[in-house]
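Listed below are the residues making up each chain.
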Amino acid sequence: MGSGQVEIDDLSDYMTATEDLLHHDLPMLKSVGEMASFDPYSLRRGLRAAGIEIENLQNFTLSEAKKRELQPHMRKLTRPLVQHVFGVDNLEITDPEIIRDRLRQADGAEVLQRLSDMAASLHTTRDDLPDLLEDYGDVFLALGFYKEHLAAIAPRIGALQDWIQEAHRVPHIARDPMVGPALQNTERVLGALHQSLQRRFKNFQGRATIRWDRVTVGNFSDVRQLILDHQESLAEVLCGLTVKVFEWESRFPGGGGTFERRADFVLSDIRAGLDRLSAIEREAATFA
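Residues numbered from 1 in each chain as written. Predicted model: local features only at pLDDT ≥ 70, side-chain atom pairs only at ≥ 80, totals over all residues. Heavy atoms only, no water.

**A few points about the nonpolar core**
The nonpolar side chains of soluble globular proteins are, as a tendency, buried together. In terms of nonpolar packing, the biggest core is built from 71 residues, with M118, L133, Y146, L183, F204 and W212 touching the most fellow members. Among the elements of the structure, α4 (71-86), α5 (96-104), α6 (109-121), α7 (129-168), α9 (179-204), α10 (217-251), α11 (259-270) and α12 (274-282) are those that each provide at least two residues to this core. If you tally residues by element for this core, the top one is α7, at 17 residues. V32, M35, I54 and F60 belong to the second-largest nonpolar core, a separate cluster that totals seven residues. (Core = buried A, V, L, I, M, F, W, Y, C linked by side-chain atoms within 4.5 Å. Buried < 20%, exposed > 50% of the residue type's maximum accessible area, 1.4 Å probe, protein only. Helix = DSSP H or I, 4+ residues; strand = E, 2+ residues; numbered from the N terminus.)

**Quick notes on the pattern of salt bridges**
Under the definition given, this model contains 13 salt bridges. With a shortest N-O distance of 3.1 Å, D213 and R211 are connected by a salt bridge. The partly exposed category is assigned to D213, whose relative accessible area is 47%. Its salt-bridge partner being R251, residue D269 comes within 3.8 Å of it at the nearest N-O pair. Of this pair, D269 sits in helix α11 while R251 sits in helix α10, and the two are 18 residues apart along the sequence. With relative accessibility at 45%, the residue R251 sits in the partly exposed group. (Salt bridge = Lys/Arg side-chain N within 4 Å of Asp/Glu carboxyl O.)

**A look at empty space enclosed by the protein**
Taken as a whole, this structure holds one cavity of 30 Å³ or more when the rule is applied. Volume-wise, the largest cavity comes out at about 50 Å³. Considering the residues around the largest cavity, the lining is formed by T78, L81, V82, F86, I93, I99, R102 and L103. Those elements giving two or more residues to the lining of the largest cavity turn out to be α4 and α5. Here the lining of the largest cavity gets four residues from one element, more than from any other, and that element is α4. (1 Å grid on protein atoms, 1.4 Å probe; cavity = no way out; pocket = protein on both sides within 12 Å on 5 of 7 lines; lining within 4 Å. Points joined across faces, edges and corners; volume = space filled by probe spheres on them.)

**A short note on the packing of α4 against α6**
Helix-helix packing: each pair is described by the crossing angle between the helix axes and the interaxial distance. Packing of α4 against α6 leaves a shortest axis separation of 8 Å and a crossing angle of 120°. As summarised for this structure, α4 and α6 are arranged oblique, according to the angle between their axes. Note on element contacts: α6 touches α4 through V111, R114, L115 and M118, opposite L81, H84, V85 and F86. For the contact of α4 with α6, the per-class residue count stands at six nonpolar, one polar and one charged. (Axes fitted to C-alpha atoms, helices over the stretch in contact; angles between N-to-C directions. Parallel < 35°, antiparallel > 145°, perpendicular 65-115°, else oblique. Contact = heavy atoms within 4.5 Å. Nonpolar A, V, L, I, M, F, W, Y, C, P; charged D, E, K, R; others polar.)

Given below as structure tokens:
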């Protein structure tokens, strides 16, 4: 009945408890079930950390349509790189894989010399440089993916806050010693999480930029690690907020509902887990 979901530990009650299920599938599903987000970047890292081998990365990449949406963000990485290596600025690269392929196909004495110099600065070989830059491009694209996702849900978070405020302004609800403060606090926490995420993305501006003509293994590694340090917490908080917004839109399409039903929903559904999201945001990496 319903969605058909069952607890992972209960799977053996619904299918034959084979050795493969008990000793391979269940441990794997438990590892996956503990992940906080299932976006392609978090999932890829989480599966590796769980010791689950990924045979085909194509299943863990963004769609072509989403890559096109992120093209302005990707351009911030590729244009300076292409300008430095090839001496042109009209070559559009929308995918980290294309960075790798273009660099592998590079020819001409001056271009190859610049690649050799860059490889030496990054303590790698010219043959390994394309893979290194593809990996960095993937990390950089993840940042754009999260930034675009926040921009997409931001108006919906604001609408949810307004919806909660409308209920709180009702006199008998505002005067309730438990409900009134709970609504006020929930609306405040939603706003605080949104603003904190926005500040984080603002802090990335300038800090996630590499001067390819002056690149060193130090500043390259620092920028890459800065993004990776924030990736997991960004994914967790964005995922949590998205679930709250989706839950609200599903239960109250069009933003309706009596004020009493709104208050009940906020207390039973929206408020749950917000403390955990706030803790994740407080403990996220800093930009010191």
